[in-house]
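A structural walkthrough
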Amino acid sequence: MASTSLYDQGLSHDEIMFREHFQRGNDFCKIELFRSARGEFKAALHYKPGDEASKKMASDCDTQIRHDAKKVYVIVPIVLAVIAAVIIFV
């Protein structure tokens with residue numbers, strides 16, 4: 001069975017744009033590009049402002065971004081300390 005394009009389903013422009021942004025957001029989440037995903041979910045909200053799924057996904061992306069930032073805040077000082085030690089003792 002051939003899949004039907006969004007454009008062949010008689011959907012409104014806003015619904016098509018919403019679905020495209022939402023799907024793109026899901027695709028970005030799958031490859032862990034959470035900032036891009038959050039942007040797509042927020043863009044989807046422009047076309048369907050009350051959509052709870054888009055709000056939840058954007059919120060989940062914010063949570064993941066904060067979690068990743070905490071990892072960076074721990075790792076960067078350690079790396080800098082190692083580099084400084086190598087410079088000092090070599």
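In this report, the structure presented in the accompanying data block is examined. (Residues numbered from 1 in each chain as written. Predicted model: local features only at pLDDT ≥ 70, side-chain atom pairs only at ≥ 80, totals over all residues. Heavy atoms only, no water.)

Turning our attention to the nonpolar core. Ranked by size, the top nonpolar core spans 10 residues in total: Phe-18, Phe-22, Cys-29, Phe-34, Ala-37, Phe-41, Ala-44, Ala-58, Cys-61 and Ile-65. Excluding its chain neighbours within four sequence positions, the residues that come into contact with Ala-37 are Gly-25, Phe-28, Cys-29 and Cys-61. (Core = buried A, V, L, I, M, F, W, Y, C linked by side-chain atoms within 4.5 Å. Buried < 20%, exposed > 50% of the residue type's maximum accessible area, 1.4 Å probe, protein only. Contact = heavy atoms within 4.5 Å.)

Attention now goes to the state of the cysteines. Evaluated as defined, the whole model comprises 0 disulfides. No disulfide involves Cys-29; its sulfur sits 3.8 Å from that of Cys-61, the nearest cysteine. (Disulfide = S-S within 2.5 Å.)

Further remarks concern the pattern of salt bridges. Note on pairing: side chains with opposite charge can pair once their charged atoms come close. Here the structure, examined in full by the defined rule, presents 6 salt bridges. For Glu-15, the salt bridge identified is with Arg-19, shortest N-O distance 2.8 Å. With Glu-15 and Arg-19 both in helix α1 (residues 13-30) and 4 residues apart, this pair spans about one turn of that helix. Here Arg-19 falls in the partly exposed class, since its relative accessible area comes to 35%. (Salt bridge = Lys/Arg side-chain N within 4 Å of Asp/Glu carboxyl O. Helix = DSSP H or I, 4+ residues; strand = E, 2+ residues; numbered from the N terminus.)

Shape is all these values report; function is a separate question.
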